[in-house]
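# Tertiary structure, described
Letter by letter, the chains look like this.
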Amino acid sequence: MKLTNSDHTHGILQALAAAALFGISTPLAKMLLGSMPPLLLAGLLYAGSGIGLSVWMLLRRLRGHAITEAALTRRDAPWLAGAVLFGGVLGPILLMLGLVYTAASTATLLLNLESVLTAVLAWVVFRENVDRRVFLGMLAIVAGALLLSWQRQSAHTMPWGALAVAGACLCWAIDNNLTRPVAGGDPVQIAAIKGGVAGAINITIALAIGYRFPHIGPLLATGVLGFFGYGLSLVLFVLALRNLGTARTGAYFSTAPFLGATLSLALFAEHAGPAFWLAGALMAIGVWLHVSERHEHEHAHEALAHNHRHHHDDHHQHTHDFPWDGEEPHTHPHVHEPMAHCHPHYPDLHHRHGH
């Protein structure tokens, strides 16, 4: 049986597109910090994501578009709740605080730590395969991040801004790993729930401690930025998760800071010294090691029952207990029979085997 890598290619493109949207959003968010406090900005960014995606779902329903994604179920709730807490509430707050004390170009490159921490958690806690090449890439990214953290600090000064950004990366790494188990569900629904709930929580806290909404201009700008930089980016990230697994998706997503750092240098006229470029080179090496990985070996699939959007490819050779018009892709509960074969693969929805 010949296997294709179209899902893997789509996953790579989706992860890179998600990275581009999020990477550009970071320096633009720094520009908005002058018109509102960090906590309120974080809430409005996620609110823009949740509201925009909810309107998208409503229009999709009103136009009668066929839904080809699996709806979330009650058993997905604990995973999604944890993802909202870490990725939607704690992570954005720490990032906005970090942007107050850190140059935008430095902060955006520091966001590469998210991919490293995502891979570590996926490897150690969730037992996802991470081989030597990915591990070496992680080390290169860590080295670059450490160099950025301390390059502008005196010997007696703690880099609080960099530590806050690193804390945000840890929160998003936890979020990424908690989102993977629900990645087979509707990505727009997942992102809309995360954005809406996280935005409501952060805005409520901000208003409770005395902050007020900004003028209409910055308010609308923040909502639009949140929709593209957080909402659409998360939709694409979830799609990549189902095709590539957590660690690999995080690796491709780590290209985001390079785009953000480049934009930061142009917007804020920041000076990029030798340490900045050396750190960028180390991170580029790490990303290259990740994206050039090829993983292929004989592996066995155990019996598996789940529900997600799919084509009838080599992993989906099942019958239907309902009238089927031959339309693909489609969504329904289905069972995978045990099988063994060999082809290039990543730890996606169907490749969670041991090594």
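Just so it is clear, the structure is predicted and the values come from calculations on it, not from any experiment. (Residues numbered from 1 in each chain as written. Predicted model: local features only at pLDDT ≥ 70, side-chain atom pairs only at ≥ 80, totals over all residues. Heavy atoms only, no water.)

## Points about the overall build of the protein
Helix and strand content of the protein: 12 helices and 4 strands. For the protein, the residues scored as buried account for 54% of the 355 residues in total. Sequence-distant contacts, at least 24 apart, represent 87% of the contacts inside the protein between residues at least 6 apart. Approximately 16300 Å² of the protein is accessible, and the part contributed by carbon and sulfur atoms is 66%. (Helix = DSSP H or I, 4+ residues; strand = E, 2+ residues; numbered from the N terminus. Buried < 20%, exposed > 50% of the residue type's maximum accessible area, 1.4 Å probe, protein only. Contact = heavy atoms within 4.5 Å. Areas by Shrake-Rupley, 256 points an atom, 1.4 Å probe, with all protein chains shown as cover.)

## What to know about the packing of aromatic side chains
Overall, the coordinates contain 7 aromatic pairs when judged by the stated rule. Pairing Phe22 with Trp172 gives two aromatic rings, centres 5.7 Å apart and planes at 85°, and the pair type is edge-to-face. Pair noted here: Phe22 is in helix α1 (residues 6-32) and Trp172 is in helix α7 (residues 160-179), with a separation of 150 residues, a long-range link. By the ring-pair criterion, three or more aromatic residues cluster together here, those being Phe22, Tyr46, Trp172, Tyr230, Phe237 and Phe253. The aromatic ring of Trp288 is capped on one face by Arg133, whose charged end is 5.0 Å from the ring centroid. (Phe/Tyr/Trp six-rings, centres within 6.5 Å; stacked < 30°, edge-to-face > 60°. Lys NZ or Arg CZ within 6 Å of the ring centre and 35° of its normal.)

## Describing the pattern of salt bridges
Inspection of every chain in the model, using the stated rule, returns 2 salt bridges. The salt bridge involving Asp186 is made with Arg60; its shortest N-O contact spans 2.9 Å. With a gap of 126 residues between them, Asp186 in the loop between α7 and α8 (187-208) and Arg60 in helix α2 (residues 38-62) connect regions that are remote in the sequence. There is no split in this pair, since Asp186 and Arg60 are both buried. When the shortest N-O distance is used, the salt bridge between Asp175 and Lys194 registers 2.6 Å. Residue Asp175 is located in helix α7, and its partner Lys194 is located in helix α8; the two are separated by 19 residues in the primary sequence. Pair check on accessibility: Asp175 and Lys194 agree, each one buried. (Salt bridge = Lys/Arg side-chain N within 4 Å of Asp/Glu carboxyl O.)

## With respect to the nonpolar core
Grouped together as the largest cluster of nonpolar side chains are 56 residues, with contacts concentrated most on Leu41, Leu53, Leu95 and Met96. Where this core is concerned, the elements lending two or more residues are α1, α2, α3 (77-101), α4 (104-110), α7, α8 and α9 (216-244). No other element matches the 10 residues that α9 contributes to this core. With near-sequence residues (within four places) excluded, Leu41 lies in contact with Ala29, Leu32, Leu33, Met36, Met96 and Thr222. (Core = buried A, V, L, I, M, F, W, Y, C linked by side-chain atoms within 4.5 Å.)

## Quick word on the side chain of Thr179
Position of Thr179 relative to the elements: it lies in helix α7. What makes Thr179 buried here is its relative accessible area of 3%. A polar contact is formed between the side chain of Thr179 and the side chain of Lys194, at a distance of 3.3 Å. The residues touching Thr179, leaving out its near neighbours within four places in the chain, are Ala83, Lys194, Val238 and Leu241. (Polar contact = N/O pair within 3.5 Å; in protein donor to acceptor, adjacent residues only side chain to side chain.)

## Let's talk about the packing of α2 against α8
What describes two packed helices is the angle between their axes and the distance between those same axes. At a minimum axis distance of 7 Å, the contact between α2 and α8 shows a crossing angle of 145°. α2 and α8 meet at a crossing whose hand is left-handed. The class makeup of the residues in the contact of α2 with α8 is 16 nonpolar, 9 polar and 2 charged. (Axes fitted to C-alpha atoms, helices over the stretch in contact; angles between N-to-C directions. Left-handed = near helix turned anticlockwise from the far one by under 90°. Nonpolar A, V, L, I, M, F, W, Y, C, P; charged D, E, K, R; others polar.)

## Remarks on helix α5 (residues 113-124)
Spanning 12 residues, α5 covers 16 Å between terminal C-alpha atoms, matching the ideal 16 Å at 1.5 Å per step. Along α5, the positions that sit buried rather than exposed are Leu113, Glu114, Ser115, Val116, Thr118, Ala119 and Ala122. (Expected span 1.5 Å × (residues − 1).)

## Here's the deal with the state of the cysteines
All chains considered together, the criterion is met by 0 disulfides. The thiol sulfur of Cys169 is not disulfide-bonded, and the nearest other cysteine sulfur, from Cys171, lies at 9.3 Å. We classify Cys169 as buried; its relative accessible area is 0%. (Disulfide = S-S within 2.5 Å.)

## Side note on the environment of Ala183
Within the fold, Ala183 resides in the loop between α7 and α8. Relative accessible area serves as the criterion here: at 0%, Ala183 is assigned to the buried category. Sequence separation between Ala183 and Val235 is 52 residues, and the spatial gap between their C-alpha atoms is 9.9 Å. Beyond its immediate stretch of four places on either side in the chain, Ala183 contacts Val238, Leu241 and Arg242.

## Points about the environment of His320
Relative to the helices and strands, His320 is located in the loop between β2 (304-310) and β3 (330-336). Given the relative accessible area of 21%, His320 is considered partly exposed. Sequence separation of His320 and Pro333 is 13 residues, and the distance between their C-alpha atoms is 9.5 Å. The contacts of His320, once residues within four sequence positions are left out, are His312, His330 and His332.

## Here we look at the side chain of Arg242
Relative to the helices and strands, Arg242 resides in helix α9. At a separation of 2.9 Å, a polar atom in the side chain of Arg242 contacts the main-chain carbonyl oxygen of Gly185.

As far as function goes, none of this settles anything; it's purely spatial.
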